Structures are given as structure tokens and as C-alpha cells.
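Inside the fold
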Amino acid sequence: MAVKSDTRVNWYAATWRLPMLVWQFLFFVIPLAFLVYLSFWLVKNYRMIPGFDTVNWVKMYAKGYFWDAYYLTFGMATLSMVVTTLIAFPCAYALAFKVSDTTRRWAIFFLIIPFFTSYLVRTYSWQVILAEQGVINAVLSYIGLGPFIMLNTKIGTLVGYLTLCLPLVVILQTFSLANIDRNLIEAAHNLGCGRLRTVFTVIVPLAKVGLIIGAVFCFILSFGDFVSPYYLGGSRPPTLSILIIDTTKSGQQWPKAAVVAVTMIATLLVVAFAAVSAAYRKRA
Amino acid sequence: MQKDKGSKILRPTRRKLLQYTGAAAAATLFTPFVHRAWADTVELNILSWYGLAEPDMVEKFEAANNVKFKPKYYAGGDNMLAALSQSPAGTFDIIHTDAEYARILIERGDLVDELNAADYPFDDMLYDDFTKFPGHWKDGKLYSVMTRFGHLGVSYNKEHVTAEEAMSYDVFWNPKLKDKVGHFDWHLPSLGQISLLNGNNNPSPFDISADAWAKVMEKTLSLKPQVKGFFDYGGTFASLKNGEMWACVGIGDWVTGVLEKDGAAVGSVVPKEGGIQWTESYSIVSSSTKKDMAKKYIQYTLSPAGQVRSANMKAYPGFCVTKSGQKALQGQSPDEAKRTGQVDGAANNPITLIKEGHIHYRDTPKQQSLEDWNEFWSEYKNA
């Protein structure tokens, strides 16, 4: 006897899904569609003219500085992701496995505190710390070192990215590691697996989803960030988000700025999809 | 017990009842007056550069005219145009613009109102050009009124650069300033200054041939090894103050003046190749329903009291445009008048500098498009 497939709509589940779908449609799909459409408009006498012309795409993609900014942004975001993940992992490992519950709770509370203040304010405070006459160089001068140039360099930008991403990545990694079944770790130890080998062959694979999600969040936030490359990197050279600002300053060239923005979103979508599929890929 | 207390409240004494009734009657009688007082407060929506609607500029006018300013701040003329085009008609009553963007507003035809020149003290202006400022008039009709201005030249750290060295834009290429030169991140003032250094002063550093433009680009690119960074308003302040930047292209006293008054060893000069003038003006939005109040505010900014406030504006100071304003400044803020050369006989007197041909009005490019200049700026930043 053939079994009838259940084609009835599960209204209960649909109701719970609906707000997210509506939200995504209203605040992501529609603005994105408009942004794509805007990239085909023209600008004449400082006025945007609706239309469908590929000239903005052709012109922007033909510019060497666009690709320079693209590779720089991608490279800096990748560097930020790698450095943040590497710094965050030992912290998250310690919080997940080596401290008491109370200490972990307090640590997570302190990791959340930076989000109470504006990211811009935190970035400005880094200027005071990183400047040639700033706090770090003042301390180093006592032992006869420096001054080191950190502000308005790529190091400055990276420090800004870490300020933005590190607390979040540590929290994500901590939750991911804390949810690992301790019996599996103990089993590995009982079978003679060393501490380091346990980390890389048991803990990291089991926490893979959380670790990748943390890394991809870091990439996304760094890739689109305007504040750090501008205020700590001195806009030298500019990233794609700075290029968007620059482009709008040339007589209402919002369609060309839209080309940059759409390229950024497309890149992030590819990276996010690749990361999520890597996270959930089953081991052969 | 609870029941007793409740019943006392529900059954007040005769005295209490009279008190409550009196209070209710008074509230009923006075409510219309209170409401009318609130309703009469006019909300004036202003689109302007940062600081123009802060208390140090508008509080006296607000108190005297029962007005409340509601500002939307922008940075850069393009952002002003964007804010305007993205807002429905009637959003703004008054627009504060750079003169070169006032022209664009006016050319659009339907954005700003024609003004009556007789309503403004043009006979009191410090310089004839200010009454017929380029771009403020179209077909003999006035649309925008100049209220303040300033000069852009070489801004420098006095501990590392001497006043003599600062008297030429060549100082930016001085080897001791390697990695110590900053740019205000806007192409027009920086490229205009380098155009002046290349000798493009007739008719204007912004009205240059293709050959001259190519040389400006070449000269600008040669500056890149000296450059520390490209900064916005806040970044420029911070970098000059914390010693990251010893000289800055594209700014003037509007930045260093604020720092100087705060005790920083920085200053600005108009170098021998000439300086660039930023000019700010007000227009009344055509769709405004509060045009009389907007006009009254423009008149106030041109009054001696308004001019003194503008010259001392906390966000960034600007020169007076009227004789009576300058005189009031000399009386009320003599130090500031002296510091900025707004006294007779000063070598850096802004009007003297203009009359001697040292100053060129900032403008959009005449023989190239604004896009050409901006694209080069992006290329330069990436070089």
C-alpha cells in the first residue's frame, strides 16, 4: 500500500518562521534589489536618472584602484579573521574547560561590556593609545624602545578589527566548546590521546560549526567596516567601504557607489555560503 | 483598615473637595494658554554643516523668537544634495551650504526661493564681491546669502615647521615631513592648493586646461610618499593635536583655530602661491512653511550679534562678512579679532588678502568633471 505524503501546511511552524521571513524580505531582499537596480541608474547634472545602463559597472570594474581596494579589503578581512580566531581560541578553550562556572559567567559578562559603548568611541580611544606620542610608546620609551609607528597603518586597522570582533568571537567559540560532550574528551584521553592531539582531533572537529561561524562573523564585520581603516588606518590605502564614501563625494555618484556595495554583498554571500557548507559538511 | 482608607479617599472632606475643585478649575482655565505657548514654538528645520545649529550659535535667537532649531548635519556638499533629494518636500526650512553647492541648488530651479536683496544688509558687506557672490545670483535674482567665510592654506605644527617654511605649499615636500603630511579627505581643497602651487591662479585653480590638470595630477602623486593619511573633520583635529601630522593639505584656520584656542601649537597661513576661500551661505527652501522665520534667522546671522557668534563658533570659526559684525567682534572678542587678522592693517587681514589677489574662491572644476577630480583622488589614495 502506497503511503500518502503529508502535503498539509504546518501552520504552527509557519507562524514561527514568518517574522524572520518578513523581516528578511523587507529589510534585506527589497533593499538589495533596489541597490542592484540603483547601480544601473545614471547621474546627470547631479541628479540621478532611473534607467538600465551598465556603464557604472563597466567603468568601476575598469578602474585599477577599485581592484586594489578590493584585494586590500579581502586580504585585511582574512588576516583579521585568522588573527582573531587564533587569539580567541585559547581564551575560549580556557573559559570552556579550565575555569569554574562562576569565572566563566563573569568572563562572558566582561566580554559583553565592550558592546555597551559605541565602537566609534572605542576606536577613538585607540588613537590615544597607538599614537606616536601615545600610551604604548610612552611606556616603551622608559625601556629605551620606540617610538613605533602604529596609528594610521595597517597595524592600526587590524587593532580596530580586533576591537570589533574579538569579544564576539571569544563568546561564540566559548559556547561552542562548552557544548562539547566531555565524555568524548575523556574517552580520547583514556585511549592514550595526548592533550594537544585531543584538541586538534577531537575538540576542534566537534566545535567546527561554532568556530567557523565565529570566523565568518569576523570576516563579515571586518570586510564591511569603515571605522577602523579610516580612523586607525588613516584611509591609506582605502578599503571598499571608504571607496563608497569617496564615490558619493563626486557629484551624487550613488549608482557607482552601489556597484561597490553590490560587489561587497556578493563577496560576503559567497564567503558565508562557502563557510556554512564547510561547517556542516560531513567527514568522509 | 484598607477598606477604611479607601473609603476616606472616595469620600473626601468638604475642604479637600474645594481644594480639588479649585485645582481642577485652574488647570482647565490655564490649559489653553499653556497649550498655546507650546504650540507657538516654531520648529525650524535646518540642513547644515555641523555646529551651525548648536546652542552657541542659536540659543539667543531661539529664546528671543520662541524658535527651536532642529538640525540635520552633513559633511560635504554632495551629502547635502543627497539629504535633500532623499527627504520629502517640507522637511527643511533653511539650507546652509558651501557657495559652490549653492549654485547647484539654484540651478535645479525648484528647491530654493528667490530672496529680496533689500532684506539683507548688503550695503554693510566688507567686500563688494560678497554682495554679488558667484553662484548666489541667477538671471539677476538673489537665491543665497553669504554669511561667513574662511581661508585655506598651509596648516602646520609650530614645533616642527617654521612660519617661513609654511609660506609655500612646497613645505609639504620637505624631507623632514616624510610621513607627517596629512590630507583633509576631500579632493577639492587639496587639489586646488596643488593647482595653485603649479601656478594655476588665472582665472582660478579650478579652471584649468587638460595639460594643467595632467600636471596637477603628476605633482599630487609625487606627494604621496610624504603622506601619513587622509582624515575627516575629527581625524584632522586628532592627528594635528596628537602630533601624528605636522602639516596638513586642504584645511585652514577653521581647524587649527579651534586647536590654537585650546592651547595647541598649530597655526595656518595663506602661502605665497595663494589660498582658497570657503564660503558659506543660507538659502530658504521653497517648500518651507516658515519662510518668515527662516528669513529672520538669516538676518540675525548677518547682524553684529550673529556675526560675532559665527566668528567664535565652537565647531569651527569663520570670518565676519559685514563691517558692523567685524567692528562688534573687535569690541567683544579683541583677541580673536587679532588672532584672525580681522583688524585694520593686519598682514593676514582676510579682506586685504582677497584684494591683493592672494585668495581664490573654492569652486567645482570648470574644464573637467567633478567625477574626474574625484576619480583621481581615489587613485591617489591608492597609489
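Up top is the structure these notes are about.
Residues numbered from 1 in each chain as written. Chains lettered and ligands numbered in written order. Predicted model: local features only at pLDDT ≥ 70, side-chain atom pairs only at ≥ 80, totals over all residues.

Helices and strands together make up the secondary structure of chain A, namely 13 helices and 2 strands. In summary, chain A has a C-alpha radius of gyration of 24 Å against a globular reference of 19 Å for 284 residues, an excess of more than 25%. With respect to the principal axes defined by its C-alpha atoms, chain A has extents near 85 × 75 × 35 Å. Expressed as a percentage of its 284 residues, the buried residues of chain A come to 34%. A fraction of 73% describes how many contacts in chain A between residues 6 or more apart in sequence connect residues 24 or more apart. (Helix = DSSP H or I, 4+ residues; strand = E, 2+ residues; numbered from the N terminus. Rg over C-alpha atoms; globule rule 2.2 N^0.38 Å. Buried ≥ 20, exposed ≤ 12 C-beta atoms within 10 Å, placed from the backbone. Contact = placed C-beta atoms within 7 Å.)

A word on the overall build of chain B. Of the regular secondary structure elements, chain B holds 16 helices and 12 strands. A total of 383 residues make up chain B; the buried ones form 47% of that total. Relative to all contacts within chain B whose residues are 6 or more apart in sequence, the contacts with residues 24 or more apart total 73%.

Every buried residue belonging to helix 10 (residues 253-261) of chain B is among Asp 253, Trp 254, Val 255, Thr 256, Gly 257 and Val 258 of chain B, and all of these are buried. Packed against the buried residues of helix 10 of chain B are strand 6 (145-157), helix 9 (233-241), strand 9 (247-252) and strand 10 (266-269) of chain B.

Here we take up the interface of chain B and chain A. Counting residues at the interface gives 25 residues for chain B and 25 residues for chain A. Those elements giving two or more residues to the side of chain B that touches chain A turn out to be helix 4 (77-85), strand 8 (227-231), helix 9 and helix 16 (370-382) of chain B. Among the elements that make up the side of chain B that touches chain A, the one with the highest residue count is helix 16 of chain B (9 residues). Residues of the side of chain B that touches chain A, tallied by class, amount to 9 nonpolar, 8 polar and 8 charged. (Nonpolar A, V, L, I, M, F, W, Y, C, P; charged D, E, K, R; others polar.)

Turning our attention to the packing of helix 8 (residues 182-190) of chain A against helix 9 (residues 195-206) of chain A. Residues and elements named next belong to chain A. The interhelical angle for the contact between helix 8 and helix 9, taken along N-to-C directions, is 160 degrees, at an axis separation of 10 Å. One finds that helix 8 runs roughly antiparallel with respect to helix 9. Crossing hand, helix 8 versus helix 9: right-handed. Contacts from Leu 184, Ile 185, Ala 188 and His 189 of helix 8 reach helix 9 at Thr 198, Val 202, Ile 203 and Leu 206. (Axes fitted to C-alpha atoms, helices over the stretch in contact; angles between N-to-C directions. Parallel < 35°, antiparallel > 145°, perpendicular 65-115°, else oblique. Left-handed = near helix turned anticlockwise from the far one by under 90°.)

Pro 237 of chain A follows Arg 236 of chain A through a cis peptide bond whose omega is -5 degrees. Within the element layout of this structure, Pro 237 of chain A appears in the loop between helix 11 (227-231) and helix 12 (240-248). At the junction of Asn 202 of chain B and Pro 203 of chain B, the peptide bond is cis and its omega measures out at 10 degrees in the coordinates. With respect to the element layout, Pro 203 of chain B can be found in the loop between helix 7 (187-197) and helix 8 (210-223). One non-glycine residue, Asn 152 of chain A, adopts positive backbone phi at about 60 degrees.

Let us now look at the pairing of strand 11 (residues 275-284) of chain B. Residue and element names in this part refer to chain B. Among the 10 residues in strand 11, 10 count as buried, and that is most of the element. Here strand 11 shows a buried face lined by Gly 275, Gln 277, Thr 279, Ser 281 and Ser 283 and a second buried face lined by Ile 276, Trp 278, Glu 280, Tyr 282 and Ile 284. Taken together, the 5 bridges between strand 3 (residues 94-98) and strand 11 define a ladder with antiparallel strand orientation. If you follow Ile 94 over to strand 11, its bridge partner there is Ile 284. With 7 bridges joining them, strand 6 and strand 11 adopt antiparallel strand pairing. Pairing of Gly 150 across the sheet is with Trp 278, part of strand 11. With 3 bridges joining them, strand 11 and strand 12 (residues 359-361) adopt parallel strand pairing. Across the sheet, residue Gly 275 finds its bridge partner in strand 12, namely Ile 359. (Pairing = 2+ DSSP bridges.)

For any two helices packed against each other, one specifies the crossing angle of their axes together with the interaxial distance. Residues and elements named next belong to chain B. The geometry of helix 7 relative to helix 8 is characterised by a closest axis approach of 9 Å and an angle of 105 degrees between their N-to-C directions. Looking at the two axes, helix 7 sits roughly perpendicular to helix 8. Together, Leu 191, Ile 194, Ser 195 and Leu 197 of helix 7 and Val 216, Lys 219 and Thr 220 of helix 8 make up the contact between the two elements.

Two faces, one strand: in a regular strand the side chains alternate between the faces of the sheet. All names here are of chain B. Taken together, the 8 bridges between strand 1 (residues 42-49) and strand 2 (residues 67-74) define a ladder with parallel strand orientation. From the neighbouring strand, Ile 46 faces strand 2, where its bridge partner is Pro 71. The handedness of the strand 1 to strand 2 crossover, carried by helix 3 (residues 55-65), is right-handed. (Right-handed = clockwise from strand over helix to strand, strands pointing away.)

Next up on the list: the nonpolar core. Nonpolar side chains in soluble globular proteins tend to be buried together. By size, the foremost hydrophobic cluster in this structure holds 102 residues, and its most contacted members are Ile 46, Ile 94, Leu 105, Val 112, Val 171 and Ala 247 of chain B. With near-sequence residues (within four places) excluded, Leu 105 of chain B lies in contact with Ile 95, Thr 97, Leu 111, Val 112 and Ser 283 of chain B. The next biggest cluster of nonpolar side chains, apart from the first, holds 55 residues, and it includes Met 60, Leu 211, Ile 245 and Met 264 of chain A. (Core = buried A, V, L, I, M, F, W, Y, C linked by C-beta atoms within 7 Å.)

Here we take up helix 3 (residues 64-98) of chain A. Since one α-helical turn is 3.6 residues long, residues separated by three or four positions face the same way. Over its 35 residues, helix 3 of chain A extends 50 Å from the first C-alpha to the last, a length consistent with the 51 Å expected when each residue adds 1.5 Å. Where helix 3 of chain A bends most, at Phe 89 of chain A, the angle is about 30 degrees, and the proline Pro 90 of chain A comes one to four residues later. (Expected span 1.5 Å × (residues − 1). Bend = angle between axes of the 7 residues up to and from the residue.)

Here Gly 51 of chain B is to be found in the loop between strand 1 and helix 3. Excluding its chain neighbours within four sequence positions, the residues that come into contact with Gly 51 of chain B are Met 57, Met 313, Lys 314, Ala 315 and Tyr 316 of chain B.

Turning our attention to the environment of Val 43 of chain A. Residues and elements named next belong to chain A. Take Val 43: it is sitting in strand 1 (residues 42-44). Sequence-wise, Val 43 and Lys 256 are 213 residues apart; in three dimensions their C-alpha atoms are separated by 9.4 Å. Among residues more than four places away in sequence, those in contact with Val 43 are Met 48, Gly 251, Gln 252, Gln 253 and Pro 255.

Moving on, we come to the environment of Arg 362 of chain B. Positionally, Arg 362 of chain B belongs in the loop between strand 12 and helix 16. The spacing of Arg 362 of chain B and Trp 278 of chain B is 84 residues in sequence and 5.8 Å in space, taken between C-alpha atoms.

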